[in-house]
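Read off the chains here:
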Amino acid sequence: MAKIGHYIDGSLVAADTESTQRFGAVYNPATGEQQHELAFASSAQVSLAIEAAARAFPGWRATSLTKRADVFFKLRHLVAQHQQELAALVTSEHGKVLSDAGGEISRGLENIEFAAGLIQHLKGDYSEQVATGVDVHSVKQPVGVVGCITPFNFPVMVPLWMVCNAIACGNTVVLKPSEKDPSAALLIAELFSQAGLPAGVLNVVNGDKEAVDTILESPTVRAVSFVGSTPIARSIYQRASAAGKRVQALGGAKNHMVVLPDADLDAAADAAVSAAYGSAGERCMAVSVLVAVGGVADALSEAIQSRIAKLSIGDGTDASSEMGPLITAEHRDKVASYVHNAPAEGATVVVDGSQDAVAAQPGFFLGVSLLDHVNTEMKAYQDEIFGPVLSIVRVDSFEEAVALVNRNQYGNGVAIFTRDGGAARQFEFEIEAGMVGVNVPIPVPIGSFSFGGWKDSLFGDSHIYGPESIHFYTRSKVVTTRWPDPASSSVDLGFPSNH
Ligand code: NAD
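Residues numbered from 1 in each chain as written. Predicted model: local features only at pLDDT ≥ 70, side-chain atom pairs only at ≥ 80, totals over all residues.

1. What about the overall build of the chain?
Scanning the chain from N- to C-terminus turns up 16 helices and 23 strands. Taken against the 2.2 N^0.38 rule, which gives 23 Å for 499 residues, the C-alpha radius of gyration of the chain at 25 Å falls within 12% of a compact globule. Considering only C-alpha atoms, the chain reaches an extent of 85 × 60 × 40 Å along its principal axes. Split into buried and exposed, the 499 residues of the chain put 52% on the buried side. For the chain, long-range pairs separated by at least 24 residues make up 70% of all intrachain contacts whose partners lie at least 6 apart in sequence. (Helix = DSSP H or I, 4+ residues; strand = E, 2+ residues; numbered from the N terminus. Rg over C-alpha atoms; globule rule 2.2 N^0.38 Å. Buried ≥ 20, exposed ≤ 12 C-beta atoms within 10 Å, placed from the backbone. Contact = placed C-beta atoms within 7 Å.)

2. A look at helix H1 (residues 43-62)
The first and last C-alpha atoms of H1 sit 29 Å apart over 20 residues, in line with the 28 Å expected at 1.5 Å per residue. At Ala-56, H1 shows its largest bend, some 40 degrees, and a proline, Pro-58, comes one to four positions later. Every buried residue of H1 is accounted for by Gln-45, Val-46, Ala-49, Ile-50, Ala-52, Ala-53, Ala-56, Phe-57 and Trp-60. For H1, the secondary structure elements touched by its buried residues are strand E2 (6-8), strand E8 (145-149), strand E9 (172-176), strand E10 (202-204), helix H8 (209-217) and strand E11 (221-227). (Expected span 1.5 Å × (residues − 1). Bend = angle between axes of the 7 residues up to and from the residue.)

3. Observations concerning unusual backbone geometry
If you check the backbone angles, Asp-9 has positive phi at about 55 degrees while not being a glycine. You can see Asp-9 is positioned in the loop between E2 and strand E3 (11-13). The phi torsion at Ala-280 lies on the positive side, around 55 degrees, for a residue other than glycine.

4. Quick word on the domain arrangement of the chain
Interface extent is often summarised as the accessible area lost during association of the parts. Examined at the domain level, the chain breaks down into domain 1 (2-251 + 457-478) and domain 2 (255-438). Between domain 1 and domain 2, the C-alpha centre-to-centre distance is 31 Å. Taken together, the 18 residues of domain 1 in the interface contact 24 residues of domain 2. Mapped onto the side of domain 1 that touches domain 2, the elements with two or more residues apiece are helix H3 (83-94) and helix H4 (98-116). A per-class count over the side of domain 1 that touches domain 2 returns seven nonpolar, eight polar and three charged. (Domains from an automatic or database assignment. Nonpolar A, V, L, I, M, F, W, Y, C, P; charged D, E, K, R; others polar.)

5. A closer look at the nonpolar core
Val-173, Val-259, Ala-272 and Leu-290 are the most contacted members of the largest nonpolar core, which has 159 residues in total. If you tally residues by element for this core, the top one is helix H6 (residues 157-168), at 10 residues. When residues of this core are assigned to domains, at least three map to each of domain 1 (2-251 + 457-478) and domain 2 (255-438). (Core = buried A, V, L, I, M, F, W, Y, C linked by C-beta atoms within 7 Å.)

6. Considerations on the site of the ligand
As a structural note, the neighbourhood of the ligand is formed by 27 residues, with Pro-151, Gly-228, Ser-229, Gly-252 and Cys-284 the closest of them. For the shell around the ligand, the residue count by class is 12 nonpolar, 10 polar and five charged. For the shell around the ligand, the domains that each give at least three residues are domain 1 (2-251 + 457-478) and domain 2 (255-438). (Near = placed C-beta within 6 Å.)

7. Some remarks on the pairing of E8
A regular strand places its side chains so that they alternate between the two faces of the sheet. Of all five residues in E8, five are buried, a share of seventy percent or more. Residues Val-145, Gly-147 and Ile-149 point to one face of E8 and Val-146 and Cys-148 to the other, with burial holding for every one of them. The sheet contact formed by E8 and E9 spans five bridges and is parallel. By the bridge assignment, Cys-148 is partnered in E9 with Leu-175. In this region the chain leaves E8, passes through H6 and returns to the parallel neighbour E9; the handedness of that crossover is right-handed. Strand direction decides the pairing type here: E8 and E11, joined by five bridges, are parallel. Bridge pairing links Val-146 to Ala-223 in E11. (Pairing = 2+ DSSP bridges. Right-handed = clockwise from strand over helix to strand, strands pointing away.)

8. Re helix H7 (residues 183-194)
With 12 residues, H7 extends 17 Å from end C-alpha to end C-alpha; this agrees with the ideal 16 Å at 1.5 Å per step. Looking only at H7, the buried set comprises Ser-183, Ala-184, Ala-185, Ile-188, Ala-189, Leu-191 and Phe-192.

9. Remarks on the sheet that holds strand E6 (residues 126-131)
Pairing in this open sheet of three strands is antiparallel, and the strands run E6-E7-E23 from one edge to the other. In this open sheet, the two edge strands, each paired with only one partner strand, are E6 and strand E23 (474-482). Put simply, the sheet's adjacent strands are angled 30 degrees from each other on average, direction ignored. Pairing of strand E7 (residues 134-142) with E23 involves nine bridges; the strand directions are antiparallel. Across the sheet, Val-134 pairs through a bridge with Arg-482, a residue of E23. (Axes fitted to C-alpha atoms, helices over the stretch in contact; angles between N-to-C directions.)

This is the structure:
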C-alpha cells in the first residue's frame, strides 16, 4: 500500500523511519477500501517544515512583485492543465463526483487569478505635503511564516483560498491538509514548484492534532488560517490568538433557504435539491434548512420529492452519478442517526435515505433524506449534520423567518427565494449572516470578494481570500518623510503638528 508523506523544502519527504511513526488510513469512499497509508508528521517533522519556511522567507519577501506574479500566471496554466488529474485525486479520496471536483478546481483557479494581480493588491498610499515639506506613505509587508489548516470537504479549493494570497503577499507557508484526503495538496505543492516557486516557500505536512499543535505552538509562525468545524475553529482561534498570532478561523454552518409565497416554486425546488444534496451535503455552504413561509411547504415538499426520485447516486467516477458517497463510514452513520431520531423528536421523515438501495452498497453511501415539520428545538435543526439531509421548517411570515435565521448560532450563508425586490432588500438589510443569496442558493463570493460567515461560523475579524486576505496576510507600515534644509533646522521640543 502506497505511503503518503509530506512536501518540505521543495521535495517530497517520505514517512519517518522512526519506530514511533504514526500512520492514518486514506479510504476510497466509493468502495470503502483503504487505498493509502498516510504518515502523520511528528512534531519534529513539522518543525523542519516551519524552519524551511522561515529560511525561505527573507528571499521570497525580497523577490520582485513581477517575479512573484509570474509564478501565479504559470500556476494558473499548470492547474488548468492538471484539472482532470486533480479532480480524479479528489474523487478517489473524498468521493464527490468528478464534475463537482472539477467545479471546486475552477473556483480555486479564481484565487490563483486574484493572486496574480498582486502588484495592484499590494499598492500602498501616498500623501504629499501633509505638513510643510513632509510626505507620508504606507506599505504592506508580509507577516512571515503562515500556518494553513484545511478541512476534508474541499481538498483543492480551500488550500488555494489560503496559500495563494499568503504567498502573493510575500509570506511563506506550512499547509496541514485534512488527513482524510491529503493527496491533492501534495500535487498543488509540486505544481507551485514547477511554476517557479522557490523551495521552502510552500511546505505541506500531513497529520493530525500533533501537527496542528506544533504549528500553533511555534513562535516562528506569525499567522494562522483555519477552516473546519466550529469546535476546532473556536479552539484554534483561542490558542493562536493567546500565543500572539493573527488568526482567522472559519467554522461550521447551518444554512437556511427562505422561500416566500411569491417565489417560483419550481426554481426554488431545483435550487433546494441542488444545494442540499450536491457533494452529499458536505459543503459548508450547503442548504440544510428550508424555511417555507406562508403555506408554500406542501407544494415545495412535493416538488422536492419528485426531484429526489430522479437523483442518481453512485461512484463519483461514473459520469451518470450526481452524488457520491460520504467521507467515512462513521460520518455516514452519524448523518443517518439524525434521520432515525427525527420521528422521536416530532419531525416527519418524508424521504429516508438510509432505506435507499444505494445505502446497502459497499462504500460509504447514503441516500438523500427529507424531513418536514422540523422545529428549532430538535437536534436535526440545531446540529450541523453535514450530510444529504434537508429539513423543512414551516413559518407564517417573513418576520418570523428572519427572526428564526437570526436566532441560529451559525451565520455562514443564507438565501431568499422571492420575486419581491423590496422583501429581498429588507432581508439583506436584516439578516445576520456573512453571505446572502437572492435567488442564489449557495452564494460563495467570487475570488475578488472575500468569503466568511458571522457568529459561530467565523472566529477572528478577517474573512478569507479576496481583499480581506491581503489585509490579513500583510502588516502595514507608515513612513513619514522630510528632507530638511539644514539651514532652517532647529530644536523644537513641542509635539509635532501638521503645519
Ligand atoms: P475538522 O474541524 O474535523 O478538521 C479541520 C482540520 O482541523 C483538519 O485539518 C484536521 O486534521 C484538523 N483537526 C481536527 N481535529 C483537530 C484537533 N482536535 N486539534 C487540532 N486540529 C484538528 O473539519 P472537517 O470534518 O475536516 O471539515 C468539515 C467542517 O468544516 C464542517 O464543519 C464544515 O462546515 C467546515 N467548513 C467550513 C468552511 C467555511 O468556510 N466556513 C468551509 C469548509 C468546511
